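# Coordinate inspection notes
One letter stands for each residue in the lines below.
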Amino acid sequence: MRINKILLLIIILVSTSALFGQRGNGDTLETKGDVIIFKTYEPRISDAFKLSDVPKIIDTVIKINNNVPYDVKSKRALTTFEPKPIRPAKMKGEPLNKLYKAYALVGIGNYLTTNAELVVNNTRSRKWDYGFSAYHHGSKGSVKDRGYSGFTDNNFKVYGKKFFFNKIASGQLKYDLNSLHKYGFDPATISSTPVLDDSLDKKSIAQNFQNIEPSLRFKTYFKDSNELNYDINLKYYHYWDKAKSSEDNILVNATVDRYINKEFGQVDLWLDINNFKYTRSDIFLNEASTIFGLAPSVITGKENWKLKIGADIVFSNGGRQNFYIYPNLYFKYDLVKDIIIPYVGAKGGLKRNNFKSLTQLNPFIISDPITGNENTKINLYGGVRGELASNLSFNVSAGYRVVEDLALFINKPDSVGGFAINNEFNVRYDDANITSFSAELGYQKIKDFSFLLKGEYFIYSMNNQKAAWHMPNVKISFNGRYNIGHKVTLTADIFFIGERTARTNDPIGTENLGGGVYGVKLDPLIDLNLGVEYYFSRRWTAFARFYNIANSRYAIYYEYPQQGITIMGGMTYKFWQPKKRSKK
C-alpha cells in the first residue's frame, strides 16, 4: 500500500514538470537550438458511428383486445339521377302509294267481246274496309258450224269489314247473272223448218243462272296462347236457272283453336243444309239433304319437323251411308332447312255435288241433274318441296285416291224434229281409283318477274264406266308476269289439256268400247293467252289482251268447240282521290 502511494506521487511530479514546460499566450519559441522529444509516435483515428449492415426491427408489441363492442349506424345517402333525354330513332320506310277510291276498266274486242269493271272502296283505315264492285264480260260472237254461242258473265258485290283490337267482323252480299247458249249442234245438219227454227233459235237454246248470296264472318286474333281463337262463317245462297230449277243452301263453318302447352289444338265444325227443287209440267223434284261434320286435330313438332294428327267425322242423310270417318294425318321433315322438305299425308272427305256446283263445272247440263255426294274414302299423298334458290321453289308429289260416286259428264242424246242433237249433258256417277303425279316450279322476284309452272298426270281406273268421261290424263299450266321498268307489264297464261274421251251412241267414226258404248277422242288443246299493259301515269293505263292466239278450235266438252283468236283492247282509270285532312 505504501509502495502504491510512492508511485502515485512520482507520476504526479513528472506530470507537473511537463506542464511547466508549456508557454503561455505571450511566449515565443525560438528555435535556436534543437528540441528533442523522447516518445514513440502513436497515430489514432476517432471511431465513427456506423449503421449495422443487417437492419433490425425494433417494435413495441401491443396487445389488442378483440372483444371491443361497436355499432354501425346506417344512413341512406340521398342521391339524384337525371337522365338526358334520348331522341327516338326513326326508320324511314318506303313511301305509301297513293290510293284512289274508285277504279274503272273498259275493253272491247272482236266477236263484239266486251269487258267492264268498276270498283269503289274506302282507302287506308284502321277501323273500316268497305266497298262495291261490278264486273261484266260478254261476247256476241259465233263458232263455225255451231249454233249461236253468245254469253255474258256479270257479278255485283257489296262488302264491309269492321276492325277491332283483336277481332274482325265482316259481311258481304253477292249477285251473279251468267247467261249462255247451248250451241253444241251443227245447224247445217238440220233441215230448216219453222218448227225447227223456233226450237233451235237463240231464245230456245238460251240458259241463265242467277245467284243471291249473303254471308257473315266473325274472327278473333288473340295473341295470348291461353285464349281461344274462333272463326265463324255463316253463308246462304239462293240459286236458280231459266227453267226455274232452284236451290237453297245454308252453310255454317266454325273453327276453334288454341295452344295446349306446346301443341296446337283445333276443332272444325260445319253444317251444310241443301234443298234442290225442279218443277215442270210433268215433273216435280224436291231433294233435301244435310251434312254435319266434326274434325278435331292436334299439331306438334319442333324446328325441323311437324306432325298433324286428326280425324274427320261426318254425318249425312244423303248418299250410300249416314256415317263417315276419315283420317287427317300429315308429317313433314326439314331434311335441309327450307331447301329439301319431304312430306307425307293421308286424308279423305265428303264433297257435295249439288245443282250449283255441277252447273259451275259444266253449264251445259240439264236443269234436273242427279245430285249426290262424292266420297273420297282415302287420299294418300307424299312428295318433296323446297327451294332451288332464294327466288325459285319447287314441289314434286304423287297421290292415290279411292273415290266413291265420282261425277262424270256425258252427252245426253236428244232429237229435234227427228234430227239427233247432243247439246246437253247429264251426270253419271261411278267409283274410281285415281293415281296422280304432279310437279310445280315457281319463281318470284318482287316487282320484276314471276311465274308458276305446273304439270299433272292422272291414271283412272273406273269401276263401271268404260272411261273417265271428259277427264284429262295430262294438265299443264304456265302463268307468268314480267315488268319492264315502271311503264310496261307483260302477262302470259298457257294451258295444255291432254287427250280425253267422250261417250257417244254414234258408232260412225268412234271407238267401240264394248257393251254398246262408243267413245270419241277429244284432241289435246293448247290455249295461249298474252297481255300487255302500258302505264301512262298512276291513273291511266292502256291494255291489250290476246286470247287463243293459236286460233285452235279446241273443245273442253264434246260438241262445244271454243271461239277462235280474240283480241281485246281497252283502258283503266283510277279516280276519286280522298282529300287530305287539315292539321289542327
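Here, the structure is the one placed above.
Attention here is on the structure that accompanies the text. This structure is a prediction, so every number in the text was calculated from the model and none was measured. The residue numbers shown here count from 1 along each chain, following its written sequence. Local features in this predicted model are restricted to residues of pLDDT 70 or higher, and side-chain atom pairs are both shown and tallied only at a pLDDT of 80 or more, whereas totals for entire chains, interfaces and linings draw on every residue. Only hydrogens and water are removed before side-chain values are computed, so all heavy atoms of the structure are retained for them.

Starting at the N terminus, helices and strands are each numbered in turn, a helix being any DSSP run of H or I of at least four residues and a strand any DSSP run of E of at least two. By secondary structure assignment, the location of N353 is in strand β13 (residues 340-353). Only protein chains enter the area calculation, which uses a 1.4 Å probe; residues under 20% of their type maximum are buried, those over 50% are exposed, and those in between are partly exposed. What makes N353 buried here is its relative accessible area of 2%. In this structure, N353 is in contact with L358, T371, G372, N373, E374, D405, A407 and Y429, ignoring residues within four places of it in sequence. Any two residues whose heavy atoms approach within 4.5 Å are treated as being in contact.

With that out of the way, let us pick up the sheet that holds strand β24 (residues 517-522). At least two DSSP bridges between two strands are needed for those strands to be called paired. Read from one edge to the other, the open sheet built from three strands follows the order β22-β24-β23, with strand pairing classed as antiparallel. The open sheet has two free edges, formed respectively by β22 (500-504) and β23 (511-514), since each of these has just one partner strand. On average, each strand axis in the sheet is inclined to that of its neighbour by 40°, with strand direction left out of account. Note that β22 and β24 share five bridges and pair antiparallel. Within β24, the position partnered with R503 by the bridge is G519. To get an axis, fit a line to the C-alpha atoms, keeping to the stretch in contact for a helix; angles then go from 0 to 180 degrees between the N-to-C directions.

A few words on the packing of aromatic side chains. Working definition: a ring pair exists when centres of Phe, Tyr or Trp rings (six-membered ring for Trp) sit within 6.5 Å. Plane angles under 30 degrees give stacked, over 60 give edge-to-face, the rest tilted. Tallying each qualifying case throughout the model produces 27 aromatic pairs. Taken together, a centroid distance of 6.0 Å and an interplanar angle of 40° make the contact between F425 and Y560 tilted. With a gap of 135 residues between them, F425 in strand β18 (residues 425-445) and Y560 in strand β28 (residues 560-561) connect regions that are remote in the sequence. As far as burial versus exposure is concerned, F425 and Y560 are alike and both buried. Between Y534 and F536, the ring centres sit 5.0 Å apart and the planes meet at 75°, which makes this aromatic pair edge-to-face. Note on Y534: relative accessible area 36%, which makes it partly exposed. An aromatic cluster is present here, built from Y183, F364, F409, F425, Y557 and Y560 joined pairwise through their rings. One cation-aromatic arrangement involves K162 over F164; the distance from NZ or CZ to the ring centre is 5.8 Å. Just above the ring of F543 sits the side chain of R545; from NZ or CZ to the centre is 4.3 Å. The criterion is that NZ of a Lys, or CZ of an Arg, lies within 6 Å of the ring centre and within 35 degrees of the ring normal, and then a charge sits over that ring.

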